[in-house]
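Okay, here's what each chain looks like letter by letter:
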Amino acid sequence: MFLRGALFSILSACSRVLGGNIEPQIPSVASFTPSHDGAFELSSAAYIIVDSRHAGHGTPSLWEFASTFREDLQEVMPHVEVAPVILTSPILTNNTALPSIYLTLDSSFKGALFNGRSTDEGYDICITANAIVIKGSAPLGVWWGTRSLLQQVVVQLAQGARRVSFPAGNISDSPGWEVRGFMLDAGRHWYETSFLSDLCIYASFFKLNELHLHASDNLWNPAFLYGDGNEGWRHLYAALRFQPPPGSPIEGLVSRKNESWTKQEFLQMQDTCAKHGVAIIPEIDTPGHSLVINQWKPVLMEKGAPDHLNLSYPDTIPVIKTIWDEFLPWFSAGEVSIGADEYDASLANDYISFVNEMSAYVSSRTGKAIRIWGTNEPNTTMSISPNITVQHWDFPGDDVPVRLMRQGFRVINSEQTFLYLDGKTSEDEQFPQELDQDLMWAGAPGGRGWAPNIFSATDPTNNTRADDPNLRGAIFALWNDWGNNATTALESYYQLARSIAVFGEKSWAGSNVRPTALTRTQFDAVYPALNAAAPGQNLNRVVKPVRGNIVFEYPGPHTSLDTHVPSVGPPYTLSFSVKPDEESPSTGLLFSGADSKLHVANLTFEATGQLYALGYVLPSDRYTAVMIHATREHTCAVIDGDEASPRYWYTLMDIWGDYMALGNMSFAAPSAHIGGDGFRGTIKDVKLTLGV
């Protein structure tokens, strides 16, 4: 009864219109209006209350979002006891109050995008001395409100606050655009679903709402692909990551069983992402980038182009439909991507007919819409359907987005000038390692910041207004053109981490639209704390040292030992002395962990299924002192104290078949187990410390 009384007071106060101010956060909020009712303090206890009238509404439901919010709040405030989520009715009678966070829905609340269209991602937060009320027209809006609240907590704690408090007043916030996502090239680089789930959770903290999963592709090397009598294409790396069940008519399509996701694995990942407000947009790329299909059924290929499908061959489109029939039931998002980029321009009629046919087919089977990459097909008599969203990527070579929007097409901005990354390196350094901060903050015409309505850095006539009705938003992309061996999964995260945050700001708030938008100085100041504390995942692989900066220390000697420390992210230093077994000096593991292993043979690191040898053979007649230093840019070893001659772990990358490029590797510390897998030597003086 006392909770009901509290909520009556809360809702009454919230009918008024955050004196103090809130902290800068990523993305920035649209507006904050202070009142003069003191402040709400999170001290020793916190109560999260869900309006029972709406608890089951939505998928995920308000209750599910509230439960995840409780876990996150407990994680960022371990010193506060967060009680189990409470259900209650808003019909209240007395004035007794407990400090509470109340989540509810309000159909009269109207969030709007910059183009004026309504959105269910908007939210309102009312703060009084006794309570915080987060409301939206749908559970997803409330979820984004909880992200704002969490960020306020994180920033205050990072500033050294002993008690977290929120100034009374109102936050009102909505995204500027409906599509705010990132694309990961999983066709040319294998990723576990657990890693992808963690990426969704991390991106959600910055209010990104889509993971575009590029799930099929192949490496591109002309020497393997083209030329009369050339059979190299049969062996070039190509993959589709969705694994058909045994007995499926397309079972033979996916030969890399250990590098594909079962239906159960994918559904679990999709559910985790959805419960954090992130939809997975799956892409199976055809009719170009289709080597994986042609390796399975060579009869379908376009003559002279093994990575292209022959759309005029009678069986080609039926096979593509069969592939989609297998996997469409897996996907919960309202849209899928069929890729459809970089196809033979001389076959424009076939291409346009195919795209339209697939759009109609997918819609008739599931009600879903499709997206395609922007491709300039020279044709004056045919056009793709305006029901298809065009994901622009190459101005002006493949399309001119402002022209498409004037013609009625809906567009998503993935312009490579601003929004492309490539794993580890790119040809002629065309793309940066993370989104270029100079471009993001001042790369638009006139020195303004980038936003989804900016396609050209130099020509304002080829950009559009923030409120263009046919501009859906933006997706930035991390490609893996050089394959599995170029990067570890965590190196992909290092490229994405800051990129996700700055993109979150720009795709939610835009540039030069809202007075509350962050400056670059504000972003740089607040990002480190938010990255370090983003809840629900540990992609930074942070561990708590036992004392000082020491994670563990084992004098030994040992042949095998569990440390119970799964993995440690760089920077770190791992030092040890090792004497291999004289009879089997190259057998076994020195260390292993969740993200990497270190083999005794040639001091070889293993990560993401790839091997990276240092090329140093450990003598078996004595102990060798090894000190491994790792940063996010490299990993090196100092042997027997020779600091003047560090040895680096490298990878070799085939750049389009033109040349081989050398790249440094960064490995997480393989910290879970010492020895193993047949290792019979001894290891002593083991010490893992944070920093290099």
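For the structure itself, consult the block above.
An account of the accompanying structure is given in this report. Residue numbering note: each chain is counted from 1, following its sequence as written. With pLDDT at 70 or above as the cut-off, local features in this predicted model cover only qualifying residues; side-chain atom pairs require 80 or more to be listed or tallied, and sums for whole chains, interfaces and linings still use all residues. In computing side-chain properties, one takes all heavy atoms of the structure into account and sets aside hydrogens as well as water.

**Thoughts on the side chain of S666**
1) Next: Of note, S666 is situated in the loop between β35 (659-664) and β36 (673-675).
2) Next: As used in this structure description, the phrase polar contact means that two N or O atoms lie within 3.5 Å; if the pair is within protein, one of them must be able to donate a hydrogen and the other to accept it, and residues adjacent in sequence are counted only when both atoms belong to side chains. A polar contact is formed between the side chain of S666 and the backbone oxygen of T631, at a distance of 2.7 Å.
3) Next: S666 has contacts with T488, E491, Y494, P570, T631, R632, E633, H634 and T635, leaving out every residue within four places of it along the chain. Here a helix means four or more residues in a row that DSSP labels H or I, a strand means two or more in a row labelled E, and each is numbered from the N terminus. Every residue pair with non-hydrogen atoms within 4.5 Å of one another is taken to be in contact.

**So, the state of the cysteines**
1) Next: The disulfide definition used here is simple: a pair of cysteine sulfur atoms within 2.5 Å. A full pass over the atoms with the stated rule returns one disulfide.
2) Next: C200 shares a disulfide with C273; S-S distance 2.1 Å. On the sign convention where negative means left-handed, the S-S torsion of about 85 degrees between C200 and C273 marks this disulfide as right-handed. Remark: C273 occurs in helix α6 (residues 263-274) and C200 occurs in helix α4 (residues 193-205); sequence separation between them is 73 residues.

**Here's the deal with a nonpolar patch on the surface**
1) Next: Together, Y650, L652, M660 and L662 give the surface a local cluster of nonpolar side chains, amounting to about 430 Å² of exposed area.
2) Next: Elements with a minimum of two residues in the nonpolar patch: β34 (650-655) and β35.
3) Next: Tracing the backbone shows M660 in strand β35. Patch criteria: residues need more than 30% relative accessible area and no salt bridge. Like-charged residues are merged within 9 Å; nonpolar side chains of Val, Leu, Ile, Met, Phe, Trp and Tyr are merged within 5 Å. All accessible areas in this document rest on Shrake-Rupley with a 1.4 Å probe, and a residue is counted as covered only by the protein chains that are shown. Every case where a carboxyl oxygen of Asp or Glu lies within 4 Å of a side-chain nitrogen of Lys or Arg is listed as a salt bridge.

**Describing the pattern of salt bridges**
1) Next: Using the criterion set out here, one finds 28 salt bridges in the structure.
2) Next: Between D72 and R147 there is a salt bridge, with the nearest N and O atoms lying 2.8 Å from each other. Residue D72 is located in helix α2 (residues 62-76), and its partner R147 is located in helix α3 (residues 139-158); the two are separated by 75 residues in the primary sequence. Just as D72 is buried, R147 falls in that class too.
3) Next: The shortest N-O distance in the salt bridge between R180 and E121 comes to 2.8 Å. Placement of R180 in strand β11 (residues 179-185) and of E121 in the loop between β7 (118-119) and β8 (123-127) is noted, with a sequence separation of 59 residues between them.
4) Next: We call a residue buried when its accessible area falls under 20% of the maximum for its residue type, exposed when it is over 50%, and partly exposed in between, using a 1.4 Å probe and counting protein chains only. With a relative accessible area of 4%, E121 lands in the buried category.

**What to know about the sheet that holds strand β32 (residues 635-639)**
Within a beta sheet, neighbouring strands are joined by backbone hydrogen bonds and run either parallel or antiparallel to one another.
1) Next: One open sheet holds the six strands; their spatial order is β24-β37-β26-β31-β32-β33, and the pairing between them is antiparallel. In this open sheet, the two strands that pair with only one neighbour each are β24 (550-554) and β33 (647-648). Two strands are said to pair when DSSP picks up at least two bridges between them.

**A short note on the sheet that holds strand β30 (residues 610-613)**
1) Next: In spatial order, the strands read β25-β36-β27-β28-β29-β30; together these six strands make up an open sheet with antiparallel pairing. Every other strand in the sheet has two partners, leaving β25 (560-562) and β30 as the edge strands with one partner each. When strand polarity is set aside, the average angle formed by the axes of neighbouring strands in this sheet is 15 degrees.
2) Next: Pairing analysis gives three bridges linking β25 to β36, with the strands arranged antiparallel. The partner of L561 across the bridge, within β36, is I674. A fitted line through C-alpha atoms serves as each axis, taken over the contacting stretch for helices, and the angle formed by two N-to-C directions is quoted from 0 to 180°.

**Focus: the packing of aromatic side chains**
1) Next: Any two rings among Phe, Tyr and Trp, with Trp reduced to its six-membered ring, count as a pair given centres within 6.5 Å; such a pair is stacked if its planes are under 30 degrees apart, edge-to-face if over 60, and tilted if neither. Taken as a whole and assessed by the stated rule, the structure comprises 38 aromatic pairs.
2) Next: Charge-over-ring contacts are defined here by two conditions on Lys NZ or Arg CZ: a distance within 6 Å of the ring centre and an angle within 35 degrees of the ring normal. Above the ring of W143, the side-chain terminus of R147 is found at 3.6 Å from the ring centroid.
3) Next: Lying over the aromatic face of W296, K297 brings its terminal NZ or CZ to 4.8 Å of the ring centre.

**A few points about the pairing of strand β15 (residues 279-286)**
Regular strands place side chains that alternate from one sheet face to the opposite one.
1) Next: Among the eight residues in β15, seven count as buried, and that is most of the element.
2) Next: As judged from the five bridges shared by strand β12 (residues 210-214) and β15, these two strands associate in the parallel manner. By the bridge assignment, E210 is partnered in β15 with A279.
3) Next: Sheet analysis places β15 next to strand β18 (residues 335-339), joined by two bridges and oriented parallel. Considered in β18, the bridge of E283 is made with S337.

**A few points about the environment of L618**
1) Next: The residue L618 is located in the loop between β30 and β31 (624-630) in this model.
2) Next: Overall, L618 belongs to the buried group, its relative accessible area being 6%.
3) Next: Considering only alpha carbons, one finds L618 and S586, 32 residues apart in sequence, at a separation of 8.5 Å.

**Considering the nonpolar core**
1) Next: Throughout this description, the term nonpolar core refers to a set of buried Ala, Val, Leu, Ile, Met, Phe, Trp, Tyr and Cys residues connected via side-chain atoms within 4.5 Å. Residues L73, L103, F242, V355 and F476 are the most contacted members of the largest nonpolar core, which totals 152 residues.
2) Next: Examining the composition of this core, we find that twelve residues originate from one element, helix α13 (residues 489-509), more than from any other.
3) Next: Each residue touching F242, except ones within four places of it in the same chain, is listed here: A215, V254, W261, F266, P282, I284, F327, W330 and F331.
4) Next: L574, A637, F667 and L688 belong to the second-largest nonpolar core, a separate cluster that totals 34 residues.

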